[in-house]
Amino acid sequence: MSAIRSFIRREPVLMIAALAALVSCFFVPPDRLYLSYIDFRTLALLYCLMTVVAGLRGAGLFSHLAHTLCEKAANVRLIGLILVLLSFFSAMLITNDVALLTFVPFAVVVLGLADRRGDLIRIVVLQTVAANLGSMLTPVGNPQNLYLYSFYDLAFADFIRTTLPFWALSLVLLAAGCLTLSAAPLTLFLGEEPGLDRRALALYLALFAVCLLVVLRVIVWPVMLLAVLVVLLIFDRKILLKADFLLLLTFVAFFIFSGNLARVGAVDRLLRSLLAGREYLVSLLASQVISNVPAALLLSGFTGTARELLLGVNIGGLGTPIASLASLISMKLYAHSEHAHTGRFLLEFTAVNVLFLLLLSAVHLFLL
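The numbers attached to residues start from 1 for each chain and follow its sequence in the written order. Since the coordinates come from a predicted model, pLDDT governs what is reported: local features require at least 70, and pairs of side-chain atoms require 80 or more to be given and counted, while whole-chain, interface and lining totals use all residues. Hydrogen atoms and water are omitted, and side-chain values are computed over all heavy atoms in the structure.

Draft legend 1. Highlighting helix α5 (residues 61-70). Burial here depends on accessible area, computed with a 1.4 Å probe over protein chains only, as a share of the maximum for the residue type. Under 20% is buried, over 50% is exposed, and the range in between is partly exposed. The helix count covers DSSP runs of H or I at least four residues long, the strand count covers runs of E at least two residues long, and both are numbered beginning at the N terminus. Of the positions making up α5, those classed as buried are Phe62, His64, Ala66, His67 and Cys70. Residue contacts follow a heavy-atom distance rule, with two residues in contact if any of their heavy atoms lie within 4.5 Å. In the core, the buried residues of α5 are packed alongside α4 (40-58), α6 (76-94) and α7 (96-113).

Draft legend 2. Representation of the environment of Val98. Within the secondary structure layout, Val98 lies in helix α7. Between the C-alpha atom of Val98 and that of Ala227, which follows or precedes it by 129 residues, the distance is 23 Å.

Draft legend 3. Molecular detail of a positive patch on the surface. Two distance rules govern patches: like charges are joined within 9 Å, and nonpolar side chains (Val, Leu, Ile, Met, Phe, Trp, Tyr) within 5 Å, applied only to residues with over 30% relative accessible area and no salt bridge. Working definition of accessibility: Shrake-Rupley area with a 1.4 Å probe, residue cover restricted to the visible protein chains. Every case where a carboxyl oxygen of Asp or Glu lies within 4 Å of a side-chain nitrogen of Lys or Arg is listed as a salt bridge. Counted as positive: Lys and Arg. Counted as negative: Asp and Glu, with His and the chain ends omitted from the count. Lysine's charge is taken at NZ, arginine's at CZ, aspartate's at CG and glutamate's at CD. On the surface, Arg5, Arg9, Arg10 and Lys332 cluster together into a patch of positive charge. Per-element accounting of the positive patch gives the leading share, three residues, to helix α1 (residues 2-10). Counting through the fold element by element, Arg9 comes out in helix α1.

Draft legend 4. Looking closely at the side chain of Asn132. Mapped onto the elements, Asn132 comes out in helix α8 (residues 120-134). Overall, the relative accessible area of 3% leaves Asn132 in the buried class. For Asn132, the residues in contact, after removing those within four places along its chain, are Asn96, Gly317, Ser324, Ala326 and Ser327.

Draft legend 5. Geometry of the pattern of salt bridges. Overall, the coordinates contain six salt bridges when judged by the stated rule. The partner of Asp158 in a salt bridge is Arg161, and the shortest N-O contact between them spans 2.2 Å. Of the two residues, Asp158 and Arg161 both sit in helix α10 (residues 156-178), three residues apart, roughly one turn of that helix. By relative accessible area, which is 56% here, Arg161 ends up exposed.

Draft legend 6. Highlighting unusual backbone geometry. Even without being glycine, Thr95 reaches a positive phi, approximately 80 degrees. Inspection of the secondary structure assignment puts Thr95 in the loop between α6 and α7. The exposure class of Thr95 is buried, given its relative accessible area of 13%. Phi at His339 is positive, roughly 60 degrees, even though this residue is not glycine. Along the polypeptide, His339 turns up in the loop between α18 (325-335) and α19 (342-367).

Okay, here's the thing in structure tokens:
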């Protein structure tokens, strides 16, 4: 029982999704239409990207990049800017959660070595905002983008046109945020440069390119899935188990739940009327309570306004700590660092997130 309770505490979103899917089955008994709920293209892409990014990380690409850049930093403000920009730009391609899993621990180590732990909270908070907002630019930046890009069959150029203005503004705001960091000089020696497995790097970059070809709709997803599985079974079969299978199960549960809701006439009409003309606001508010990935999965079936929903769930990743599951990752990583002040972290996290959310939402309102 203790193991079950521990699992529920670790995976609350999965548990809620599974319970919601189960309850919905009583209203719409399982039938052949259930298979049509599942977006297999999104699941295959998500699995392959998680596996390939895990391989790139194992090859030492991200630690090598961070080490090389940070060793040249002359003061706290510059090292903070480097760490924030690494999170921002890398999230476009390796997803916001992987960016934080990679660069937040690096920030903890670097600032610990420099004896600047007092600056750690602001830098980690800015890294978190950077990863959540940097990831909005591309379809592969986060799970909700990948899903909405596939669900609405969006053109790549249209997707970028929608997110680019807010992505660019976010970059300016983050750079301004880094100016609040101390300009105190520091001398930093990070030790021997991490090794880079060039053979593995070449392999995983090639597989990443295959995934991008599916995103661009040059090849179909079964070809990608087969290629990734065959190549990794030959060269690195252990990496096939590095994907977040619980996230994939969460997607499946929400697919079932939202698919069943759409077949209940009264619920379908209610949600459509609620969203009509308010897609941005509803998705932003829903993200604060259930996080932005479930909000995208749940609401997409009840509106055809892809642009507003896309912006709502991405900017809605700001705000509360649960608005983006990636934010919980950085909070946990900081909480486990030496001399952590979790209460102060939560206060600064909330203040910075709400400020960014209000500024971006004001721009969205102006551009309407």
